[in-house]
Amino acid sequence: MLEKWDTTLRLKVINEAKHLTRSIELCRLLKAAEKLTDNDDTTWDSDMASLLLLLHLLPPTAGWKRTRISPGEAVDKMLVFHKSCCSLDEHLRRDGRQPYILAVGRTRKKIDSYYIVVDKQLIPCQATSSLCAFDELFKSHYVFNLSYDEYLGQLFTLLQTTVYTIAVQQQMSLPEFVNFVQKSLTKSSIEVLKCLSVSFVR
């Protein structure tokens, strides 16, 4: 994902987002994506900010619940910041099966570690960057055989078809799936995911 996002899509997303009606949140993300907020620790790094811009370009759909939410609310379904000095227990009580990224650190720009939270379980990421953490988040849907969150479906489907080149409704064979996951995960983390997936597969 890293290469394709950096070389072809990131700048396109930023340029398209500049044509949207500006909100305070959108302006902050644009500045962060363009690396114009070096002294602002309340914003995400440029890679994550550019990904979050997609939620403004592809507003969350109401889905079967017919409840509209804002792009900012959709972000909370994909990515949550947690101060490193606080307990992680609240995330073990959060309802829902869809996975999300838990970024733990002193500030949003200084993340010490990433986790994938799924079904009240914390799975440490091998990722050292926000983009790699998102890569693991995307692949966790395949590991645990989970559908995309209905409010994030457009974002994940776009990245599925453009970045990962997986056709909609395409079924992967086991060797293809293992190869797909191994591209970004270490052997030890794959074993952890395999063990945990037994209790999550629908």
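Peer 1: Can you tell me about the nonpolar core, naming the residues and giving the values?
Peer 2: Leu52, Leu53, Ile101 and Phe134 are the most contacted members of the largest nonpolar core, which has 50 residues in total. What Ile101 contacts, discounting residues up to four positions off in sequence, is Met48, Met78, Leu79, Val80, Tyr114, Tyr115, Ile116, Ala133, Phe134 and Leu137.

Peer 1: Account for the side chain of Ser46, with residues named and values stated.
Peer 2: Topologically, Ser46 is positioned in helix α3 (residues 46-57). Taking the relative accessible area as the measure of exposure, Ser46 reaches 12% and is therefore buried.

Peer 1: Would you mind going over the pattern of salt bridges in detail, with residue names and values included?
Peer 2: In this structure the tally under the stated criterion is four salt bridges. The closest approach of N and O atoms between Lys18 and Glu34, which form a salt bridge, is 2.8 Å. One end of the pair, Lys18, is in the loop between α1 (2-17) and α2 (24-33); the other, Glu34, is in the loop between α2 and α3, with 16 residues separating them in the sequence. Among the residues examined, Lys18 registers a relative accessible area of 33% and is labelled partly exposed.

Peer 1: Report on unusual backbone geometry, specifying residues and quantitative values.
Peer 2: One non-glycine residue with positive phi stands out, namely Asp119, at about 50°. Residue class for Asp119 comes out partly exposed when judged on its relative accessible area of 28%. Of note, Lys120 is a non-glycine position whose phi angle comes to about 65°, a positive value. Residue placement: Lys120 occurs in the loop between β3 (110-118) and β4 (121-124). Residue classification places Lys120 among the partly exposed residues on the basis of a relative accessible area of 38%.

Peer 1: Give a description of the packing of aromatic side chains that names residues and reports values.
Peer 2: Tallied over the full model, the rule gives seven aromatic pairs. Plain terms: the ring middles of Phe138 and Tyr142 are 5.5 Å apart, the flat faces sit at 45° to each other, and that makes the pair tilted. Taken together, the positions of Phe138 and Tyr142, both in helix α6 (residues 130-143) and four residues apart, correspond to about one turn of that helix. Each ring, one from Phe138 and one from Tyr148, has its centre 6.2 Å from the other, and the planes form 35°; the classification is tilted. Linking Phe138 in helix α6 with Tyr148 in the loop between α6 and α7 (153-162), this pair joins segments that are 10 residues apart in sequence. Side by side, Phe138 and Tyr148 carry an identical accessibility label, which is buried. Grouping aromatic residues by their ring pairs yields a cluster made of Phe134, Phe138, Tyr142, Tyr148, Phe156 and Tyr164.

Cut-offs applied
- Residues numbered from 1 in each chain as written.
- Predicted model: local features only at pLDDT ≥ 70, side-chain atom pairs only at ≥ 80, totals over all residues.
- Heavy atoms only, no water.
- Core = buried A, V, L, I, M, F, W, Y, C linked by side-chain atoms within 4.5 Å.
- Buried < 20%, exposed > 50% of the residue type's maximum accessible area, 1.4 Å probe, protein only.
- Contact = heavy atoms within 4.5 Å.
- Helix = DSSP H or I, 4+ residues; strand = E, 2+ residues; numbered from the N terminus.
- Salt bridge = Lys/Arg side-chain N within 4 Å of Asp/Glu carboxyl O.
- Phe/Tyr/Trp six-rings, centres within 6.5 Å; stacked < 30°, edge-to-face > 60°.

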